[in-house]
Amino acid sequence: LPAQSRRKGLIDIHHHLIAPDYRKAAEAAGYGTLPRLSPELSIAEMDKNGITLGMLSLASPGLWFGNREQSRFLARSINEYGAKMVRDYPARFGLLAALPLLDIDASLKEIAYAYDTLKADGIGLITSYEDRYLGDAVFAPVWEELNRRNAVVYTHPSWPACCSKMRDELNVSTVEYATDTTRTIGSIVLSGTAARYPNIRWIFSHGGGTLPFLVSRFEREEATLKDKQRILPRGLRYELRKFYYEIAQANHPGALDALLRLVPATQVLFGTDYPYRPAGEAVEGLAAYKISPADRQAIERENVLRLFPAKK
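Here's a quick rundown of the structure. What you see is a predicted model; the values in this text were computed from it and never measured.

Parameters at a glance
- Residues numbered from 1 in each chain as written.
- Predicted model: local features only at pLDDT ≥ 70, side-chain atom pairs only at ≥ 80, totals over all residues.
- Heavy atoms only, no water.
- Helix = DSSP H or I, 4+ residues; strand = E, 2+ residues; numbered from the N terminus.
- Rg over C-alpha atoms; globule rule 2.2 N^0.38 Å.
- Buried < 20%, exposed > 50% of the residue type's maximum accessible area, 1.4 Å probe, protein only.
- Contact = heavy atoms within 4.5 Å.
- Areas by Shrake-Rupley, 256 points an atom, 1.4 Å probe, with all protein chains shown as cover.
- Lys, Arg positive; Asp, Glu negative; His and termini not counted.
- Charge placed at Lys NZ, Arg CZ, Asp CG, Glu CD.
- Pairing = 2+ DSSP bridges.
- Salt bridge = Lys/Arg side-chain N within 4 Å of Asp/Glu carboxyl O.

### Focus on the overall build of the protein chain
Alright, step 1. The secondary structure content of the protein chain amounts to 14 helices and ten strands.
Alright, step 2. For a compact globule of 312 residues, the expected C-alpha radius of gyration is about 20 Å, and the protein chain comes in at 18 Å, within 12% of that figure.
Alright, step 3. A principal-axis box enclosing the C-alpha atoms of the protein chain has dimensions of 55 × 50 × 45 Å.
Alright, step 4. The buried share of the protein chain, taken over its 312 residues, is 55%.
Alright, step 5. A separation threshold of at least 6 residues defines the contact pool for the protein chain, and within that pool the share at least 24 residues apart is 77%.
Alright, step 6. Accessible surface, the protein chain: about 14000 Å² in total, of which carbon and sulfur atoms supply 50%.
Alright, step 7. Positive and negative side-chain charges in the protein chain, numbering 40 and 36 respectively, have mean positions lying 4 Å apart.

Structure (C-alpha cells):
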C-alpha cells in the first residue's frame, strides 16, 4: 500500500496470531479446535474492512499448560512466527511478543530476545496465570525490565483458574473473560504495580471488561487501603485514566458510552478480536457510534501510532 493509504487506514490492536506449534499444544491440552489462520487470511480480512495494520498477539488460552519447558518453547516459537509475519509484510503487521510469565528468568530472556533480536513492538500477555493476576509480587522483575524499556503491554483474558470447571448454559468466555480483565486491572492498580512502574503503557481488551460498570466498587476498595499513599499516590482514577482500552466486543453504544465516561477518547483503541470475531463487527459498531471526527480518527488509528510511532 502507498504510505498515504497506510496512514489513513484503521489499525487493529487486537489481531491474533495462531502459530502451528501453539495450535498443536492448545488442542492437545483439550482447548478444542483452534481456527486455521495464515498471514494471507489475516490480510484478506483486513483489506475487506479497511484495516491497514494489525498488531499481532497471542490468542487464548495462552501458552501455559503446566510445563515450564513447553511454555518457554511456545513463547519462542510464537514470537519467531510473528516476527516472520512482520518481516514478510512490514506494512501490515506489528508484533506484541508473548512471554512464559510464570518462569521469571525465561521471561526476562524472552524480553531481551523479542526486543533486541526480533524487534518486537511490545508485549502481549494473558490476564492471569494459574491463580496469579498481573499485580502479583512474583512478577516484579518482569515489570522492572519492561518499565526500563518503556514497554507497551497488551493483555487478553483467558480461562481463569477459578472458573475453568463451571457447568452451566454459558461458555466461560461469555462472562468470565471480561471479569478476568477487570480483576487483573484491579490487581495491577490496588497492588501498587501501576504506580510503581509508571513507564509501562497497559492496554486492556474488550473495553476494560466490566470495569466501567464496577468503578464505584473499585473506589470503595481505594477508600479502605491502609497504605494508600504508597499504593495509589495519585489516586485510583488517575491510574485508570492512564490505561488504554480497546473496543473488540465492546463496540456497541452501551459499552462505548460507559467507557468514554471513564476515560477520554485518547485512551481508546480500535480492535477486532480476529479471527474469533469478524473484523466487520468492530468496524460497523464504531462507524454507527456518534462521536466527533477527531475522536473517531484518534480511536481508529492515531492513538495506536502514539504508542508505536515506528508504525507511522
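### A closer look at the pairing of strand 8 (residues 201-204)
Alright, step 1. One ladder, built from four bridges, connects strand 7 (residues 152-156) with strand 8; its direction is parallel. Along strand 8, the bridge assignment pairs Thr155 with Phe204.
Alright, step 2. The pairing of strand 8 with strand 9 (residues 244-246) spans two bridges and is classified as parallel. The residue bridging Ile203 from the neighbouring strand is Tyr244, located in strand 9.

### Examining the environment of Ala28
Alright, step 1. Secondary-structure assignment places Ala28 in helix 2 (residues 20-28).
Alright, step 2. According to the relative accessible area criterion, Ala28 is exposed, its value standing at 69%.
Alright, step 3. Between the C-alpha atoms of Ala28 and Ala151, which are 123 residues apart in sequence, the distance is 32 Å.

### Observations regarding the pattern of salt bridges
Alright, step 1. Tallied over the full model, the rule gives 14 salt bridges.
Alright, step 2. A salt bridge links Arg148 to Glu145; its shortest N-O distance comes to 2.7 Å. With a gap of three residues between them, Arg148 and Glu145 both fall in helix 6 (residues 140-148), about one helical turn apart.
Alright, step 3. Among the residues examined, Arg148 registers a relative accessible area of 55% and is labelled exposed.
Alright, step 4. Of the charged contacts in the structure, one is a salt bridge between Arg230 and Asp227, with a shortest N-O distance of 2.5 Å.

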